[in-house]
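# Structural description and commentary
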Amino acid sequence: MSLFIHILACLFGMGSWVSINGLWVELPLIVPQIPEGWYLPSYLSVLIQMANVGPLFITLMHRFRPGVLNETVVIYVIISLGMVASFLLAFFWKETLVVAGVPRSVALLLLTFFLSTVDCTSSVTFLPFMMRLKPQYLTTYFVGEGVSGLLPALVALIQGVGVVHCNNCTRMINDTGSVSLIYELQAHYQPANFSAGVFFFFLGAMMLVCLGAFILLNYHPAVAREHPNARYPNGVLEKGEAAQMNPTEQKAMIKQSGIKPKSCFGTGTYSRIQVLYMFFILAWVNGLTNVVLPSVQSYACLPYGNSAYHLSATMAAVSNPLACFIAMFFPTRSLLLLGALTLFGSGVGAYIIGMAVLSPCPLLVNETSGTFLIVGSWIFFILTLSYVKVIIGVILRDEGHSALVWCGAMVQLGSFMGAVTMFPLVSVYSLFLSGDPCNTKCP
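Residues numbered from 1 in each chain as written. Predicted model: local features only at pLDDT ≥ 70, side-chain atom pairs only at ≥ 80, totals over all residues. Heavy atoms only, no water.

## Focus on the packing of helix α14 (residues 272-295) against helix α17 (residues 335-357)
Direction vectors running N to C along α14 and α17 enclose 25°, while the axes themselves pass 11 Å from each other. For the element pair α14 / α17, the angle class is roughly parallel. Crossing angle aside, the handedness with which α14 passes α17 is left-handed. Between α14 and α17, the residues in contact are Gln-274, Tyr-277, Met-278, Ile-281, Trp-284, Val-285, Leu-288, Val-292 and Leu-293 and Leu-335, Gly-339, Thr-342, Ser-346, Gly-349, Ile-352 and Ile-353, respectively. Per-class residue counts for the contact of α14 with α17 are 11 nonpolar, five polar and no charged. (Axes fitted to C-alpha atoms, helices over the stretch in contact; angles between N-to-C directions. Helix = DSSP H or I, 4+ residues; strand = E, 2+ residues; numbered from the N terminus. Parallel < 35°, antiparallel > 145°, perpendicular 65-115°, else oblique. Left-handed = near helix turned anticlockwise from the far one by under 90°. Contact = heavy atoms within 4.5 Å. Nonpolar A, V, L, I, M, F, W, Y, C, P; charged D, E, K, R; others polar.)

Structural data, given as structure tokens:
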């Protein structure tokens, strides 16, 4: 039955970000068919950050009105909303309305906002819910989060999204009465094996699976037997719970333990500086992995070829759940090591950003070693920083329910800061330049 619950936890975690991850990998197929074109990624970034109103509301309610929101009901609502929005996208993603005299994909943008609200809010609801299960299931939940990026990427590969072929074309130029012919290569995107509508049906089905897993986690008798002691989930009471105990009983516990808490956070195991240190790393890592590097991935990888781009995206999606498996067997809790891994991953990320800045002619652009380096960089970047995220999540899980709520809040804060930083650089100041996959010439 333990394996059964691990599978349920994985399927539950899979629903956390599968909708938005799926939308990103489907962009090469969507943008040629909508009026927004390649401005759509910028609009998506803004919509995703606007959707942080969901986790902000949940966090404020938890802080100022604890116990008022029913966590289980909130999760049912957001999973159902994500499922309905995904199915509606399958029918209406190409529909447009004229707004201020210009056709706009109102349905696509509105439904994307709902999906973003679902996924952002999952960070501050799904994680705290996992407190109801034993600690070993939290790592499996993170595996499911990784699968939420892997599955859409694999389906998009089967679909054939973004496959480019260079065809010879002839163009006539009339210059001062003389007509000349120019022969050049033009990029042609191959038709997909199935439509974007079918892909959105797949995303809706994944949300339906997540809903089924959540129902079983709530009502299956085998899951109930795996619950830790409801009042002592980690063998230690949180300070908020301890304050509600009989004063005599509380004094007896303090005398028995003989340990003075280091801070008022969670169980008091970590000092205030250590807690802030973990929160800073969590926000920094999520800002890099969720927003900063994905926003420049095409600029960094496409100059090395279409195969390098798809290989880096796919291997990065594989690296995320792989990092969760590694954390399952090597769950180090050294804050010093986590800091070192964060520095290493950030350094690799800096190399990737450097290649994006140099686009369309980055280092070793015409060499096999350049392709090897950029793909390997993506693998190590995702592998190390995903491992850091999982371990910090496991540490905070042991600090109690409120710690996991703040863990989700830091995830969203980091993503928000990353979006605020990258949106003007990419969309306003055009710091990054993309090359033609067929005609870019580099020395």
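On we go.
## Some remarks on the confidence of the model for the protein
Regions with low pLDDT carry predicted coordinates that are not meant to be interpreted in detail. Residues at a pLDDT of 70 or more form 82% of the protein, whose mean pLDDT is 80. Contacts from residues 230-257, a stretch scored under 50 in pLDDT, to residues over four places away or in other chains number 30 contacts. (pLDDT = per-residue confidence, 0-100.)

## A word on the packing of helix α1 (residues 2-14) against helix α9 (residues 136-159)
Between α1 and α9, the least distance of the axes is 6 Å, while the angle of their chain directions is 45°. One way to sum up the angle between α1 and α9 is to call them oblique. Along this stretch, α1 crosses α9, giving a crossing that reads as right-handed. Residue-level inspection shows Ser-2, Ile-5, His-6, Ala-9, Cys-10, Phe-12, Gly-13 and Met-14 of α1 in contact with α9, the latter providing Gln-136, Tyr-137, Thr-140, Tyr-141, Val-143, Gly-144, Glu-145, Val-147, Ser-148 and Leu-151. Here the residues of the contact of α1 with α9 are counted per class, giving 10 nonpolar, seven polar and one charged.

## A look at unusual backbone geometry
Of note, the bond from Ser-359 into Pro-360 is cis; its omega dihedral lies within 30 degrees of zero at 10°. Tracing the backbone shows Pro-360 in the loop between α17 and α18 (368-397). Residue Ala-100 is not a glycine yet carries a positive backbone phi of 55°. On the secondary structure map, Ala-100 appears in the loop between β1 (97-99) and β2 (102-104). Backbone geometry at Leu-364 places phi at a positive 55°, although glycine is not the residue there. Mapped onto the fold, Leu-364 is located in the loop between α17 and α18. Judged by relative accessible area, which is 39%, Leu-364 ranks as partly exposed. (Buried < 20%, exposed > 50% of the residue type's maximum accessible area, 1.4 Å probe, protein only.)

## Focus on the side chain of Glu-71
Following the sequence through the fold, Glu-71 ends up in helix α6 (residues 71-92). Judged by its relative accessible area of 15%, Glu-71 is buried. Those residues within four positions of Glu-71 in sequence are excluded, and the remaining contacts are Thr-125, Pro-128, Phe-129, Arg-132 and His-401.

## Points about the environment of Leu-138
Take Leu-138: it is sitting in helix α9. Judged by its relative accessible area of 1%, Leu-138 falls in the buried class. Remark: the alpha-carbon pair of Leu-138 and His-6, spanning 132 residues in sequence, is separated by 9.1 Å. Not counting chain neighbours up to four residues away, the residues in contact with Leu-138 comprise Leu-127, Met-130, Gly-393, Val-394 and Arg-397.

## Regarding the packing of aromatic side chains
All told, the structure shown has 16 aromatic pairs when counted by the stated rule. Clustering of aromatic rings is evident, with ring pairs tying together Phe-12, Tyr-76, Phe-126, Phe-129, Tyr-141, Phe-142 and Phe-214. (Phe/Tyr/Trp six-rings, centres within 6.5 Å; stacked < 30°, edge-to-face > 60°.)

## Focus on the side chain of Thr-140
Along the chain, Thr-140 turns up in helix α9. Separated by 2.6 Å, the side chains of Thr-140 and His-6 make a polar contact. Setting aside anything within four residues of it in sequence, one finds Thr-140 in contact with His-6, Ala-9, Cys-10 and Met-328. (Polar contact = N/O pair within 3.5 Å; in protein donor to acceptor, adjacent residues only side chain to side chain.)

## Considerations on the pattern of salt bridges
The final tally for this structure, using the stated rule, is one salt bridge. The partner of Glu-71 in a salt bridge is Arg-132, with the nearest N and O atoms 3.9 Å apart. Placement of the pair is Glu-71 in helix α6 and Arg-132 in the loop between α8 (126-129) and α9, with a sequence separation of 61 residues. (Salt bridge = Lys/Arg side-chain N within 4 Å of Asp/Glu carboxyl O.)

## Some points on helix α5 (residues 53-64)
The terminal C-alpha atoms of α5, which comprises 12 residues, lie 16 Å apart, in line with the 16 Å expected from a rise of 1.5 Å per residue. Along α5, the residues classified as buried are Gly-54, Pro-55, Ile-58, Thr-59 and Met-61. The arc enclosing the buried residues of α5, seen along the axis, measures out at 160°, which places them on a common side. Turned more than 90 degrees off the buried face of α5, the exposed positions are Arg-63 and Phe-64. (Expected span 1.5 Å × (residues − 1). Arc of directions from axis to C-beta.)

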